[in-house]
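Chain residues, written in single-letter form:
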Protein chains: 2
Amino acid sequence: MTEAVQTEAVHTERVDFRVSPDRYKHWRLSTDGPVATLTMDVDEQGGLVPGYELKMNSYDLGVDIELYDAVQRLRFEHPEVRTVVITSGKPKIFCAGANIRMLAASPHGWKVNFCKFTNETRNGIEDATAHSGQTYLAAVNGTASGGGYELALACEHIMLVDDRSSAVSLPELPLLGVLPGTGGLTRVSDKRHVRRDLADYFSTKSEGVGGKKAVQWRLVDEAVPRPRWDETVAERGAELASRSRRPENATGVELTPLAKAADDVIRYDHVEARLDRDAGRVDISVKGPRNDPPASMAEAARHGAGFWPLAVTRELDDLILDLRTNETELGTWVFRTEGDPALVLAYDELLLGGKDDWFANEVLHYLKRTLRRLDVTSRSLIAAIEPGSCFAGSLLELALAADRSFQLAGVFEDKDPTADSNTGEPATITLGEANLGPLTMSNGLTRLQTRFWGDEAGYEAAAKSKAEALEAEDAAELGLVTFAPDDIDWDEEIRIATEERSSFSPDALTGLEANYRFAGPETMETKIFGRLTAWQNWIFNRPNASGPDGALRRFGTGQRAVFDRKRV
Amino acid sequence: MTEAVQTEAVHTERVDFRVSPDRYKHWRLSTDGPVATLTMDVDEQGGLVPGYELKMNSYDLGVDIELYDAVQRLRFEHPEVRTVVITSGKPKIFCAGANIRMLAASPHGWKVNFCKFTNETRNGIEDATAHSGQTYLAAVNGTASGGGYELALACEHIMLVDDRSSAVSLPELPLLGVLPGTGGLTRVSDKRHVRRDLADYFSTKSEGVGGKKAVQWRLVDEAVPRPRWDETVAERGAELASRSRRPENATGVELTPLAKAADDVIRYDHVEARLDRDAGRVDISVKGPRNDPPASMAEAARHGAGFWPLAVTRELDDLILDLRTNETELGTWVFRTEGDPALVLAYDELLLGGKDDWFANEVLHYLKRTLRRLDVTSRSLIAAIEPGSCFAGSLLELALAADRSFQLAGVFEDKDPTADSNTGEPATITLGEANLGPLTMSNGLTRLQTRFWGDEAGYEAAAKSKAEALEAEDAAELGLVTFAPDDIDWDEEIRIATEERSSFSPDALTGLEANYRFAGPETMETKIFGRLTAWQNWIFNRPNASGPDGALRRFGTGQRAVFDRKRV
């Protein structure tokens with residue numbers, strides 16, 4: 001077999017999402033006062049897995065991990081940055097999109113997970129623009145194809161160099177027989193409002209559209225001749241920066257290296273995950289704060305990355321990414337918490353009281369994004385609410401994000417009375433202000449609103465319980481937990497729920513969860529993770545794309561794809 | 001091989017969607033004043049294709065074709081009917097859903113197309129309830145599983161017999177490894193507002209939920225003991241009927257048999273489709289009215305099924321279904337019209353002026369539903385607007401539904417000057433009142449609103465052209481058509497567009513079109529055809545469901561499915 005790329009790339013090494021600018025292979029991050037520049041200059045030989053070269057600024061997961069890190073650090077470490085310019089360090093090419101040989105050689109699940117992470121980072125770019133006063137500017141200084149154009153689409157303003165050769169394009173359909181998989185179709189129609197027939201034409205024309213036509217069709221915001229390029233980029237950067245409400249003279253919070261030990265237990269400072277490979281399950285435990293919160297957000301910023309809400313969010317974020325990518329056969333995640341609910345609520349209060357504080361704002365939005373990552377994670381989520389737990393306020397979101405929750409009615413009768421976790425008090429849950437507004441899902445509603453979608457009375461009754469520590473029966477009565485078994489049934493019920501879950505078709509569970517988790521309104525984000533992603537998954541899975549004669553596998557071989565012409 | 005069901009069912013005969021109550025095998029339609037009863041009593045041996053028995057009121061496409069026919073006839077032939085009770089003629093079972101052996105034996109495309117049609121009929125049931133004063137009542141007099149419960153979910157009110165054994169259930173996930181494919185998940189969460197964790201539990205419990213718990217969880221509206229069943233059904237039927245605005249003493253319009261000749265041309269009175277199998281394309285021509293409209297809707301009703309708007313809609317409806325089911329390799333449909341635009345607009349005016357008339361109302365909603373069928377059809381749609389055409393008002397919707405439209409600038413220089421279609425005048429399009437409101441897409445917007453989604457100025461400019469006959473350049477300038485080639489380029493441009501289309505991956509085109517056709521807001525209907533359907537297509541396509549060891553294929557064999565446990 002001459003085409004080595006057509007064999008499946010083997011992902012044997014555990015992917016690590018922890019990286020820092022000094023170790024970037026593919027990006028350069030520089031700042032100049034309020035304007036930062038993120039320069040994409042992909043190392044062709046720096047692929048995450050052997051077997052492909054990252055030519056023409058094409059990317060794989062490794063490139064995207066660095067981008068995600070940069071976007072995060074800009075928000076926390078650079079309060080002074082108000083505009084982020086994304087541009088290319090290569091001549092004539094901005095970015096060629098996801099590497100095709102990598103895609104062709106990757107198993108289905110890898111492709112889907114890769115697209116999901118890429119989508120999340122792009123949503124994060126829009127989130128920074130909307131909520132952080134860091135506006136992203138795409139300085140498209142060469143051709144942007146496929147995922148390259150989709151990266152630009154995530155930016156607030158798109159400048160395209162007008163040089164008769166540079167264009168933006170979505171060549172996935174004509175060249176690869178798949179869709180642009182990271183939000184392209186949705187953003188073209190729902191964000192940039194390109195007319196549907198022009199969008200259709202554009203997406204079937206592999207060479208794309210450049211110059212004035214790209215502006216007329218709304219594909220980009222301006223086309224700038226090369227001689228005026230640098231000054232115009234600088235001008236736009238300054239203009240966008242001038243609109244920002246980022247703070248003056250604030251000191252950034254360094255995202256210090258995340259300590260982590262991994263084996264059959266993945267252990268961070270506040271989060272621990274026990275992997276049970278036989279049962280196909282992960283037991284995740286999140287520890288609440290050990291001490292009172294700092295007196296002010298200014299003091300909190302001095303705690304830096306050790307500030308509990310930031311620390312626990314970073315750990316959860318890393319864990320979700322780690323498990324999603326590296327532990328695909330562990331299909332059920334069981335969440336527990338441990339600690340004092342009052343302390344969680346006190347931290348929430350500090351954060352919510354400090355909404356005008358840039359650091360509080362960043363922490364809250366980061367927690368919001370991390371919980372959204374959980375919502376779109378294709379794993380069954382179960383919350384086990386036991387005595388000694390602290391499912392209150394922000395941590396209660398973990399239970400509200402779960403597909404099912406169990407709260408122990410009463411106490412464990414036979415638990416070691418000297419054990420730390422045995423306070424002798426029954427488990428409670430407590431709604432707080434954090435559950436009533438700031439931590440929206442991608443459908444724009446809170447998890448509580450989504451839970452009671454169409455049931456106004458149910459919502460009101462639940463919301464009225466704010467600040468009350470609810471024992472199991474009351475929580476179940478209010479519809480805040482699913483089941484409230486007692487000591488006698490507890491172990492059995494949890495065991496049955498998780499065993500049953502792992503006996504079901506993992507694909508059908510993914511589809512079920514993707515539908516039930518998002519009742520009510522749709523947004524661009526839910527469309528991207530719902531409609532668009534589901535179609536792409538289907539297309540990725542079809543022989544017309546991924547079969548031996550499919551377009552994705554045949555690309556670059558000189559042979560045309562062979563299609564089953566039946567329309568489905 | 002002992003399991004003959006596991007081979008693919010061969011659909012060699014052309015499926016005919018034309019049926020009438022005297023030929024129903026599976027349903028009985030009876031009326032008693034304002035209350036009609038549709039009794040499902042499926043003939044086990046009456047499957048559309050050999051190889052399976054339709055046990056326990058399970059259904060295949062043939063059963064659904066009859067249901068669709070009944071729902072249509074009730075609206076047109078029975079103005080007196082205000083409540084439609086759907087119930088079962090079998091003891092203990094309401095409906096077991098789609099026949100599993102049929103599903104297991106059907107190729108992927110057949111399953112998907114079958115689900116689409118079933119969904120459309122269920123949406124039609126909701127449409128009758130919302131817009132026709134015919135409210136559907138599900139009298140669930142035995143267990144309703146899967147598609148059986150989904151049929152009930154399409155009804156406005158669900159009564160479940162409370163007899164300790166009857167339940168409603170969605171056992172697709174636990175038993176078959178697929179999703180409920182005809183709107184179940186969406187209606188459970190977004191219509192009936194079942195809480196997401198209860199919905200999750202319900203959808204993993206194959207035996208379902210009955211009695212009071214089904215009411216508490218909002219899965220049904222009432223649970224009625226068997227002794228009080230008949231009287232309660234009659235009571236509810238009368239109550240629902242009393243809310244209706246259906247007319248008093250109107251005479252129905254009989255849907256007489258649709259004349260049709262089929263070969264390489266499918267020919268009706270007003271619609272003709274030429275099948276070009278080599279090019280993978282169908283050229284569809286729709287004829288406008290030949291005469292002035294009747295003076296009033298009362299007179300129109302006397303014309304009966306021959307009334308042009310009804311006749312042409314029935315023909316289009318049948319053609320769409322025929323081509324979708326029987327001609328899956330013809331991936332591009334090119335629409336042309338022929339006739340006098342003024343007459344089309346005159347018919348529109350009669351219909352829209354008669355909005356309070358029940359018959360005008362039925363015709364308009366039927367046209368709306370038929371155009372929606374086109375929107376969700378997985379074929380590339382192209383409009384070719386030539387001299388002699390009548391793309392005006394309601395017929396202009398065909399061009400607005402198209403993925404791309406071409407309008408000839410000027411005239412065909414070398415056309416036979418004596419030909420009927422050569423008026424010597426350039427082609428025009430004309431917006432009418434029909435384009436500005438009544439014919440909404442399933443996203444709740446008109447095609448014009450969807451086209452200019454996010455471009456208010458563009459919408460206003462286009463809408464202002466109402467009643468103006470626009471030649472190609474003006475229409476293109478206003479964004480109402482995509483391209484305006486002249487005589488010299490015309491044939492070549494259309495040829496390239498269709499040839500190019502048929503060279504692309506049919507799957508990727510389906511995904512692209514499903515995304516670009518629906519900008520803007522989402523409704524239950526778009527969620528069902530978008531998010532839900534796409535996930536189901538993916539799941540249907542995965543080995544975990546449809547592979548030799550998959551759940552769908554192993555069901556009933558006594559062997560458990562073997563799953564690839566990796567979560568995607």
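Preceding block: the structure.
This is a predicted model, so every value here is computed, not measured.

About the cut-offs
Residues numbered from 1 in each chain as written. Chains lettered and ligands numbered in written order. Predicted model: local features only at pLDDT ≥ 70, side-chain atom pairs only at ≥ 80, totals over all residues. Heavy atoms only, no water. Helix = DSSP H or I, 4+ residues; strand = E, 2+ residues; numbered from the N terminus. Rg over C-alpha atoms; globule rule 2.2 N^0.38 Å. Contact = heavy atoms within 4.5 Å. Areas by Shrake-Rupley, 256 points an atom, 1.4 Å probe, with all protein chains shown as cover. Buried area = accessible area lost by both parts, 1.4 Å probe. Salt bridge = Lys/Arg side-chain N within 4 Å of Asp/Glu carboxyl O. Polar contact = N/O pair within 3.5 Å; in protein donor to acceptor, adjacent residues only side chain to side chain. Least-squares fit on C-alpha atoms with pLDDT ≥ 70 in both. Buried < 20%, exposed > 50% of the residue type's maximum accessible area, 1.4 Å probe, protein only. Phe/Tyr/Trp six-rings, centres within 6.5 Å; stacked < 30°, edge-to-face > 60°. Lys NZ or Arg CZ within 6 Å of the ring centre and 35° of its normal. Core = buried A, V, L, I, M, F, W, Y, C linked by side-chain atoms within 4.5 Å. Pairing = 2+ DSSP bridges. Axes fitted to C-alpha atoms, helices over the stretch in contact; angles between N-to-C directions.

A. Spatial organisation of the overall build of chain A. Summing up its helical and strand segments, chain A has 22 helices and 20 strands in all. Since a compact globule built from 568 residues should have a radius of gyration of about 24 Å, the 24 Å found for chain A is in line with a globular shape. Projected onto its principal axes, the C-alpha coordinates of chain A cover approximately 75 × 55 × 45 Å. Taking the intrachain contacts of chain A between residues at least 6 apart in sequence as the baseline, contacts between residues at least 24 apart amount to 75%. Just so you have it, chain A exposes about 20300 Å², and 48% of that area is on carbon and sulfur atoms.

B. Region of the structure containing the interface of chain A and chain B. Every contact between the two is made by 86 residues of chain A and, on the other side, 86 residues of chain B. When chain A packs against chain B, close to 8600 Å² is buried across both sides, 54% of that on carbon and sulfur atoms. When residues of chain A are sorted by the area they lose upon contact with chain B, Arg-196, Tyr-516 and Arg-567 of chain A head the list and together hold 14% of the total. Across the contact surface, chain A and chain B share 16 salt bridges. Linking Arg-501 of chain A and Asp-200 of chain B is a salt bridge whose minimum nitrogen-to-oxygen distance equals 2.8 Å. One can count 60 residue pairs in polar contact (both at pLDDT 80 or more) joining chain A with chain B. Contributions of two or more residues to the side of chain A that touches chain B are made by α3 (108-131), α5 (172-176), α6 (184-191), α7 (196-202), α14 (393-401), α18 (487-503), α19 (506-516) and α20 (524-541) of chain A.

C. Quick look at the relation of the copies chain A and chain B. Rotating chain A by 180° and translating it 0.0 Å along the rotation axis places it on chain B, where the RMSD comes to 0.0 Å. The transformation just described matches what one would write down for a two-fold rotation axis. Here 100% of the contact residues of chain A are again contact residues in chain B; the copies associate through an equivalent surface.

D. A look at the environment of Thr-510 of chain A. All names here are of chain A. Here Thr-510 lies in helix α19. On the accessibility criterion, Thr-510 (5% relative accessible area) is buried. The spacing of Thr-510 and Arg-379 is 131 residues in sequence and 7.0 Å in space, taken between C-alpha atoms. Engagement of the side chain of Thr-510 in a polar contact is seen with the backbone oxygen of Pro-506, the distance being 3.0 Å.

E. Representation of the packing of aromatic side chains within the structure. Residues and elements named next belong to chain A. In total, this model carries 30 aromatic pairs over all chains according to the counting rule given. Aromatic rings pair up to connect Phe-76, Phe-307, Trp-308, Tyr-347, Trp-358, Phe-359 and Tyr-366 into one cluster. Above the ring of Phe-540, the side-chain terminus of Lys-111 is found at 5.4 Å from the ring centroid.

F. Main features of the nonpolar core. One finds Tyr-149 of chain A together with Tyr-149 of chain B to be the most contacted residues of the largest nonpolar core, which totals 294 residues. In contact with Tyr-149 of chain A, not counting residues within four places along its chain, are Ala-144, Ile-158, Val-168, Ser-169, Leu-170, Val-188, Arg-192, Phe-202 and Leu-219 of chain A.

G. Region of interest: the sheet that holds strand β16 (residues 332-338) of chain B. Residue and element names in this part refer to chain B. As summarised here, the arrangement of the seven strands in space is β12-β13-β14-β15-β16-β17-β19, forming an open sheet in which the pairing is mixed. Looking at strand neighbours, the two that pair on one side only are β12 (261-262) and β19 (404-407), the edges of this open sheet. Bridge analysis of strand β17 (residues 380-385) against β19 gives four bridges, and the strand direction is parallel. Paired with Ile-382 across the bridge in β19 is Arg-404. Relative to strand β15 (residues 281-287), helix α11 (residues 308-326) is tilted by about 170°, and along the sheet it contacts β13 (265-267), β14 (271-276), β15 and β16.

H. Spatial organisation of the sheet that holds strand β9 (residues 157-162) of chain A. Residue and element names in this part refer to chain A. Taken in spatial order, the six strands make up an open sheet running β1-β2-β4-β7-β9-β11, and their pairing is mixed. Each edge of the sheet is formed by a strand with only one pairing partner; in this case those strands are β1 (27-32) and β11 (222-225). The average angle at which neighbouring strand axes cross in this sheet is 25°, direction not considered. As paired strands, β9 and β11 are joined by four bridges and run parallel to one another. In the sheet register, Met-159 faces β11, and the bridge partner there is Glu-222.

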